[in-house]
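Observations on the model geometry
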Amino acid sequence: YKGKYIMTAVKSGLMIIDQHRAHVRVLFDQYLRQLADRTFHSQKVLFPEVVQFPMSEKVIFEKILPEMESMGFELEDLGGGSYAVNSVPGGLEGLNPLKLVQDMVSSAVEKGVSAIDEINQTLALSLARQDATTQAQILSKELMEGLGNDLSACHNDHSTPARKTVLCILRQQAIENLLG
């Protein structure tokens, strides 16, 4: 519906899924599994870009750098808080590597990094948000079905990692009451 929601009949009524939030949820779970399994692969960038961190973020960046490298990022220290982004995890074509790295570091600064699980969740969420379908993107029937199936296989299919609602069910009785 309007490139934002997927609507499907279920036993108890009509399920309405926010397709962007559902895609974030699915990708988040996928990236968490890849982090745990260390199955990311690097892909060299054709033209490395430089990301600059203020000293306040540089400390956090250095703490999460080993995790980022295990994910497939290759960042070269150029000195003075500057880093060249030479490689990114494979499968992220079309994403802005600078924005992705900056978002990951900003998220780690915001949430604090005290444990590997927190770092992994922060990195997975940043990747999922960058890689998810945009709102108002019209999906084919096959993609909608695939997203619905992937969502049902998720650890938590009712909310995003940021605890926003992914789906709701409009009960049959509520529909009948509306149309009386």
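The preceding data block contains the structure.
Below is a summary of the structure that appears in this document.

Conventions used here
Positions within a chain are numbered from 1, following the residues in the order the chain's sequence is written. It should be noted that, the model being predicted, local features are given only for residues of pLDDT at least 70 and side-chain atom pairs only at 80 or more, the latter also being counted only at that level, while totals for whole chains, interfaces and linings use all residues. Values reported for side chains reflect all heavy atoms of the structure, with hydrogen atoms and water molecules removed beforehand. A run of H or I in DSSP counts as a helix once it spans at least four residues, and a run of E counts as a strand once it spans at least two, with each numbered from the N terminus. We call a residue buried when its accessible area falls under 20% of the maximum for its residue type, exposed when it is over 50%, and partly exposed in between, using a 1.4 Å probe and counting protein chains only. Residue contacts are defined here by distance: any two heavy atoms, one from each residue, within 4.5 Å place the two residues in contact. For the area figures, the Shrake-Rupley method with a 1.4 Å probe applies, and any residue is considered shielded solely by the protein chains shown. Charge counting follows a simple rule: Lys and Arg are positive, Asp and Glu are negative, and His as well as the terminal groups are ignored. Just so you know, the charge point we use is NZ for Lys, CZ for Arg, CG for Asp and CD for Glu. For a helix, the expected span equals 1.5 Å multiplied by the residue count minus one. The term polar contact refers here to a pair of N or O atoms within 3.5 Å; inside protein, the definition further demands a hydrogen-donor-capable atom paired with an acceptor-capable atom, and it admits residues adjacent in sequence only when both atoms are side-chain atoms. Ring pairs shown here join Phe, Tyr and Trp side chains whose ring centres sit within 6.5 Å, with only the six-membered ring taken for Trp; geometry is labelled stacked below 30 degrees between planes, edge-to-face above 60, and tilted in between. Here a cavity denotes grid points, spaced 1 Å and computed from the protein atoms alone, that fit a 1.4 Å probe unable to get out, and a pocket denotes an open set having protein on both sides within 12 Å along at least 5 of 7 lines; residues with an atom within 4 Å of a point are the lining. Grid points are joined across faces, edges and corners, and a volume is the space filled by probe spheres set on the points. Residues were grouped as follows: Ala, Val, Leu, Ile, Met, Phe, Trp, Tyr, Cys and Pro as nonpolar; Asp, Glu, Lys and Arg as charged; and all remaining residues, including Gly, as polar.

1. A look at the overall build of the protein chain
When helices and strands are counted, the protein chain shows 6 helices and 6 strands. Along the protein chain, helices (α) and strands (β) appear in the sequence β-β-α-β-α-β-β-α-α-α-β-α when read from the amino end. For the protein chain, the spread of C-alpha atoms along the three principal axes comes to 70 × 35 × 30 Å. Expressed as a percentage of the 180 residues in the protein chain, the buried residues total 41%. When contacts within the protein chain are restricted to residue pairs at least 6 apart in sequence, those whose partners lie at least 24 apart make up 71%. Working note: accessible area of the protein chain is about 10,200 Å², and carbon and sulfur atoms make up 53% of it. Taking the 17 positively charged and 22 negatively charged side chains of the protein chain as two groups, their mean positions are separated by 8 Å.

2. Some details on helix H1 (residues 19–37)
With 19 residues, H1 extends 27 Å from end C-alpha to end C-alpha; this agrees with the ideal 27 Å at 1.5 Å per step. Those residues of H1 that sit buried are Gln 19, His 20, Ala 22, His 23, Val 24, Arg 25, Val 26, Leu 27, Phe 28, Asp 29, Tyr 31 and Leu 35. Among the residues of H1, the N-terminal cap falls to Asp 18, whose side-chain oxygen and the backbone nitrogen of His 20 are separated by 3.1 Å.

3. Section: the packing of aromatic side chains
The tally for this structure, following the rule as stated, stands at 3 aromatic pairs. Geometrically, the ring pair formed by Phe 53 and Tyr 83 is tilted, given 6.1 Å between the ring centres and 55° between the ring planes. Note that Phe 53 is positioned in the loop between strand S3 (42–52) and helix H2 (55–71) and Tyr 83 in strand S5 (residues 82–89), a separation of 30 residues in sequence. Take Phe 53: its relative accessible area is 2%, and that puts it in the buried class. Among the aromatic residues, ring-to-ring pairing joins Phe 53, Phe 61 and Tyr 83 into one connected group.

4. Looking at the layout of surface pockets
Taken as a whole, the largest pocket spans an internal volume of roughly 290 Å³. Lining the largest pocket we find 15 residues, and of these Phe 28, Lys 111, Gln 121, Pro 161 and Arg 163 sit closest to its centre. Looking at the lining of the largest pocket residue by residue, the classes come out as 4 nonpolar, 6 polar and 5 charged. Approximately 190 Å³ is the volume found for the second largest pocket. Every residue lining the second largest pocket is counted, 10 residues in all, and those nearest its centre are His 20, Val 24, Arg 129, Thr 160 and Lys 164. Residue assignment for the lining of the second largest pocket shows that the elements contributing at least two residues are H1 and helix H4 (116–131). Take the lining of the second largest pocket: its biggest share by element is 3 residues, from H1. Looking at the lining of the second largest pocket residue by residue, the classes come out as 4 nonpolar, 3 polar and 3 charged.

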